[in-house]
Amino acid sequence: MTGTAPDQRPDEATLAFLRSVFAPEWREPPLGRDGVSAWESEHGVVLPEPYRTLIAEISNGSSLGPPEDGGLLPLGWLPPDWHGQGDRNPAAVFPLQKTWAWEGEALADDHDERVAAVHDHGSIVLGAEDGTSYWVLVVTGPQRGRVWLVADVGAYPYPMPEAAGFLQWVRRWHAGDGWWD
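A brief structural summary. As the structure is a prediction and not an experimental result, all values here were calculated from the model. (Residues numbered from 1 in each chain as written. Predicted model: local features only at pLDDT ≥ 70, side-chain atom pairs only at ≥ 80, totals over all residues. Heavy atoms only, no water.)

1. What about the overall build of the protein chain?
Tallying secondary structure elements over the protein chain gives five helices and four strands in all. Each helix and strand of the protein chain, placed in order from N terminus to C terminus, yields the pattern α-α-α-α-β-β-β-β-α. Computed over C-alpha atoms, the radius of gyration of the protein chain comes to 16 Å, within 12% of the 16 Å expected from 2.2 N^0.38 for 181 residues, which places it in the range of a compact globule. Overall, the protein chain is about 50 × 35 × 30 Å in size when its C-alpha atoms are taken along their principal axes. Put simply, the protein chain has 181 residues, and 50% of those count as buried. Long-range contacts, defined here as pairs at least 24 residues apart, represent 61% of the contacts in the protein chain between residues at least 6 apart. Total accessible area on the protein chain stands at roughly 8,600 Å², and carbon and sulfur atoms take up 51% of it. Looking at charge distribution, the protein chain has the averaged site of its 12 positive side-chain charges lying 10 Å from that of its 27 negative ones. (Helix = DSSP H or I, 4+ residues; strand = E, 2+ residues; numbered from the N terminus. Rg over C-alpha atoms; globule rule 2.2 N^0.38 Å. Buried < 20%, exposed > 50% of the residue type's maximum accessible area, 1.4 Å probe, protein only. Contact = heavy atoms within 4.5 Å. Areas by Shrake-Rupley, 256 points an atom, 1.4 Å probe, with all protein chains shown as cover. Lys, Arg positive; Asp, Glu negative; His and termini not counted. Charge placed at Lys NZ, Arg CZ, Asp CG, Glu CD.)

Take a look at the structure:
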């Protein structure tokens, strides 16, 4: 598996914050540690903390929460309009380390394959934002643990220019900070 050692378990203050943000009435049942481990084994990747503990112990998705369009998706789910709906490979290395705005660039022979790799390699989908943009949590490579926005026009670390981790992403949503502040 890529990254075989799990990250350190979040402290109790972090878990209390996540419990408060994802209110019980909006939570999907957690997967449990065995369920998370089974998913990780099947996909050849260890999920980054604190997302890993959230889905194992608190909630595997939430209809209210980040992102605002439909909430946090359960592990492994894809929005209906996700690019390709094809073979995702979370264990493949996420191909980006900086913004790539592919709309309007000269089309190289491998353009479609490179765009597909951004959608399908090294991440899990957290949810949709306005139907053409998707929040992903990178699970492999140098950007592991960071949140990116993958849109129909390109891919961007959140917030630009550097990508924040899952916890910071949730904190900004909870505080009512605009996505691009």
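2. Some words on the sheet that holds strand 4 (residues 155-157)
Sheet architecture is open: four strands sit in the order 1-2-3-4, paired in antiparallel fashion. Two strands bound the open sheet, and with one partner strand each, they are strand 1 (123-129) and strand 4. Between one strand axis and the next, the sheet turns by 25° as a mean value, whatever way the strands run. (Pairing = 2+ DSSP bridges. Axes fitted to C-alpha atoms, helices over the stretch in contact; angles between N-to-C directions.)

3. A word on the layout of surface pockets
The space that makes up the largest pocket amounts to roughly 180 Å³. Lining the largest pocket are 15 residues, with Glu49, Pro50, Phe166, Leu167 and Gln168 positioned closest to its centre. When residues of the lining of the largest pocket are assigned to their parent elements, the largest contribution, three residues, is made by helix 5 (residues 166-175). Classifying every residue of the lining of the largest pocket gives seven nonpolar, five polar and three charged. (1 Å grid on protein atoms, 1.4 Å probe; cavity = no way out; pocket = protein on both sides within 12 Å on 5 of 7 lines; lining within 4 Å. Points joined across faces, edges and corners; volume = space filled by probe spheres on them. Nonpolar A, V, L, I, M, F, W, Y, C, P; charged D, E, K, R; others polar.)

4. Notes on the pairing of strand 3 (residues 147-151)
Along any regular strand the residues' side chains alternate between the sheet's two faces. Most of strand 3 is tucked away: five of the five residues are buried. With burial as the criterion, each face of strand 3 is covered, one bearing Val147, Leu149 and Ala151 and the other bearing Trp148 and Val150. Where strand 2 (residues 133-138) lies against strand 3, five bridges are found, and the strand directions are antiparallel. For Ser133, the partnering residue across the bridge sits in strand 3 and is Ala151. Looking at chain direction, strand 3 and strand 4 are connected through three bridges and run antiparallel.

5. A short note on the packing of helix 1 (residues 12-21) against helix 5
Close contact between helix 1 and helix 5 brings their axes to 11 Å; oriented N to C, the two are set at 45°. Considered as vectors, helix 1 and helix 5 are oriented oblique to each other. Regarding helix 1 and helix 5, the two cross each other, and that crossing is left-handed. Side by side, helix 1 and helix 5 meet where Thr14, Phe17, Leu18 and Val21 of the first sit next to Leu167, Val170, Arg171, Trp173 and His174 of the second. Its residues placed into classes, the contact of helix 1 with helix 5 shows six nonpolar, two polar and one charged. (Parallel < 35°, antiparallel > 145°, perpendicular 65-115°, else oblique. Left-handed = near helix turned anticlockwise from the far one by under 90°.)

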